[in-house]
Amino acid sequence: AKGNFAVRGVPSGPATVRVSAKGFIPVDQRVSVPASGVVGADAQLLPGVRFAGVVKDLRERPVDKVKVIAFRHSEESGGGFRFSFGSYGGEGVSKADGTFEVDGLDPGSKFTLRLIHPRFQVLDLPGLEAEAGGGHDHLEAWLEDGAWITGTVVDPSGKPVAGVDVTGPVNPYAISSEFGGFAFFTAILGQGDPTVSDALGRFTVGFLKPEDV
């Protein structure tokens, strides 16, 4: 009740202490744990931004394992060109009932939520206000069915090959800009899930629209 805490049995040497609470911005700090005794790690938590809601498919069924990435997204136009800028804020994953939460974001400019699942088309929810201590608790998102490609990579003898990078026409973690009619990446959001063949050579490329080649 007084905010005191203790973590016991930590091996001596450098360590990172993360202090987090619902609705606040997490605080990370490096400490050096002595062989005996106690090291202090006080923290002051500042109000953050929280986005929460539910994601469903077009048949009103909840969708789990959807990655929800929050990022600041801004656009500037001039001379007939459009530029997009994005910076990663945080992420969460939807549960079996379709609910998700992205918490502890730095307040400031508006956020966009990007919802990613290989069996559906990528969806952006833009223009979400991000005031300190605020956010949205009842967001609703509906994912449109996507297409995907599965296959197996083998060597000339027919033996499966693992660890092969497989790329498709869509990178769901990329933010692109347009210049003179050409599109190019300006940012990559968080740690994208690489598409690589597994131990049996199998892979899946998703997020596809019917018109994708």
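Definitions and limits used
All residue numbers here refer to positions counted from 1 along the written sequence of the relevant chain. Whole-chain, interface and lining totals are the exception, using all residues; otherwise, since this is a predicted model, local features are given only for residues with pLDDT of at least 70 and side-chain atom pairs are given and counted only at 80 or more. The side-chain quantities take in all heavy atoms of the structure and omit both hydrogens and water. Helix and strand assignments come from DSSP, with helices taken as H or I runs of at least 4 residues and strands as E runs of at least 2, each series counted from the N terminus. Between buried and exposed lies partly exposed: a residue is buried under 20% and exposed over 50% of the maximum accessible area for its type, with that area taken using a 1.4 Å probe on protein chains only. Polar contact criterion, stated in full: a pair of N or O atoms within 3.5 Å, where within protein one must be able to donate a hydrogen and the other to accept it, and residues adjacent in sequence count only if both atoms are side-chain atoms. Here the rule is simple: two strands pair whenever DSSP picks up at least two bridges between them. In this description, a line fitted to the C-alpha atoms serves as the axis of each element, helices being fitted only across the stretch in contact, and the angle between N-to-C directions of two axes falls anywhere from 0 to 180 degrees. Residue contacts are defined here by distance: any two heavy atoms, one from each residue, within 4.5 Å place the two residues in contact. Within this document, salt bridges are pairs made up of a side-chain nitrogen of Lys or Arg and a carboxyl oxygen of Asp or Glu, the two lying within 4 Å of each other.

Caption draft 1: Expanded view of the side chain of Arg114. Within the secondary structure, Arg114 sits in strand E7 (residues 108-116). In this structure Arg114 comes out as buried when scored by relative accessible area, which is 9%. Here the side chain of Arg114 touches Asp124 through a polar contact of 2.8 Å, side chain to side chain.

Caption draft 2: Here's a closer look at the sheet that holds strand E3 (residues 49-57). If you walk across this open sheet you meet the three strands as E6-E3-E9, and the pairing is mixed. The sheet terminates laterally at strand E6 (99-105) and strand E9 (135-143), the two strands that pair on one side only. Geometrically, the sheet is characterised by an average inter-axis angle of 20 degrees between neighbouring strands, direction not taken into account. In the sheet, E3 pairs with E9 via seven bridges, with the strands oriented parallel. Opposite Val55, over in E9, you have Ala141 as the bridge partner.

Caption draft 3: Representation of the environment of Pro62 in the model. Along the chain, Pro62 turns up in the loop between E3 and strand E4 (67-78). The spatial distance from the C-alpha of Pro62 to the C-alpha of Asp97 is 5.5 Å, given a sequence separation of 35 residues. Those residues in contact with Pro62 that lie beyond four places of it in its chain are Val55, Lys56, Ala96, Asp97 and Gly98.

Caption draft 4: Structural context of the pattern of salt bridges. Considering all chains together, one arrives at 12 salt bridges under this definition. The shortest N-O distance in the salt bridge between Glu60 and Lys56 comes to 3.4 Å. Classification of Glu60 by relative accessible area gives partly exposed; the value is 45%. Residue Lys56 is classed as partly exposed on the basis of its relative accessible area of 22%. A salt bridge links Glu91 to Lys67; the nearest nitrogen and oxygen atoms lie 3.8 Å apart.

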